[in-house]
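Architecture and fold: a report
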Amino acid sequence: MKKIIKILTLFSTIVCFTLILSACSDKTIPNGIELTAKEGSISSESMVLIIKNNSDKYSYGFGNDFGLQRYENDEWVAVPYINGGHSITAIRLCLSPDTSQEFTTHFKNTWGDLTEGNYRIVKHFDKTPLNDDSKVIAEEVYYYYFEIT
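Since the structure is predicted, the reported quantities are computational estimates derived from the model, not experimental observations.

**Some words on the overall build of the protein**
Counting its secondary structure elements, the protein contains two helices and nine strands. Partitioning the contacts of the protein with sequence separation of at least 6, the portion at a separation of at least 24 is 73%. Total accessible area on the protein is roughly 10,000 Å²; 54% of this is exposed by carbon and sulfur atoms.

**Some points on the nonpolar core**
By size, the foremost hydrophobic cluster in this structure holds 22 residues, and its most contacted members are L68, F107, I121 and F146. With sequence-adjacent residues up to four places away left out, L68 is seen in contact with V77, A78, V79, F107, W111, L114, Y119, R120, I121 and F146.

**Overview of the pairing of strand β8 (residues 117-129)**
With 10 of 13 residues buried, β8 lies mostly within the body of the structure. The pairing of strand β3 (residues 58-62) with β8 spans four bridges and is classified as antiparallel. Opposite G61, over in β8, you have D126 as the bridge partner. The pairing of strand β4 (residues 67-72) with β8 spans four bridges and is classified as antiparallel. Its bridge partner being in β8, L68 is matched across the sheet by I121. Sheet topology note: the β8/strand β9 (residues 138-148) ladder contains 11 bridges and is antiparallel. Among the inter-strand pairings, H124 is bridged to a residue of β9, identified as V141.

Criteria and cut-off values
- Residues numbered from 1 in each chain as written.
- Predicted model: local features only at pLDDT ≥ 70, side-chain atom pairs only at ≥ 80, totals over all residues.
- Heavy atoms only, no water.
- Helix = DSSP H or I, 4+ residues; strand = E, 2+ residues; numbered from the N terminus.
- Contact = heavy atoms within 4.5 Å.
- Areas by Shrake-Rupley, 256 points an atom, 1.4 Å probe, with all protein chains shown as cover.
- Core = buried A, V, L, I, M, F, W, Y, C linked by side-chain atoms within 4.5 Å.
- Buried < 20%, exposed > 50% of the residue type's maximum accessible area, 1.4 Å probe, protein only.
- Pairing = 2+ DSSP bridges.

Laid out in structure tokens, this is it:
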């Protein structure tokens, strides 16, 4: 019985130590896309997102489309379109490793002026290997959270 307790204690110690080390690792820079807002650009009508590819192995493709959600009643819900919908120009942009690009979002024509509240932009990206940007290996969704006051 004492041997089992020693083994369990040792196992628990190893698990705790592993968890502590993983919690202390640097997770401030994601290994993919990082979305930030250009300083001073957030308004009820639009914002400028800075899209940065932090990967050194993959390119990311994306278009002009994005979704907009608002936090209401403890859940994220799609902001309804005004005038029944919206249209976009279908293009594909490619973001190489360690590069960034500005992406201007316009809210007013699609959703109207945003009222006070918490929002998030929903943006889809295609992940491709550097040696073959025609081969999509994953589709990833990233969010940018912001508040209109």
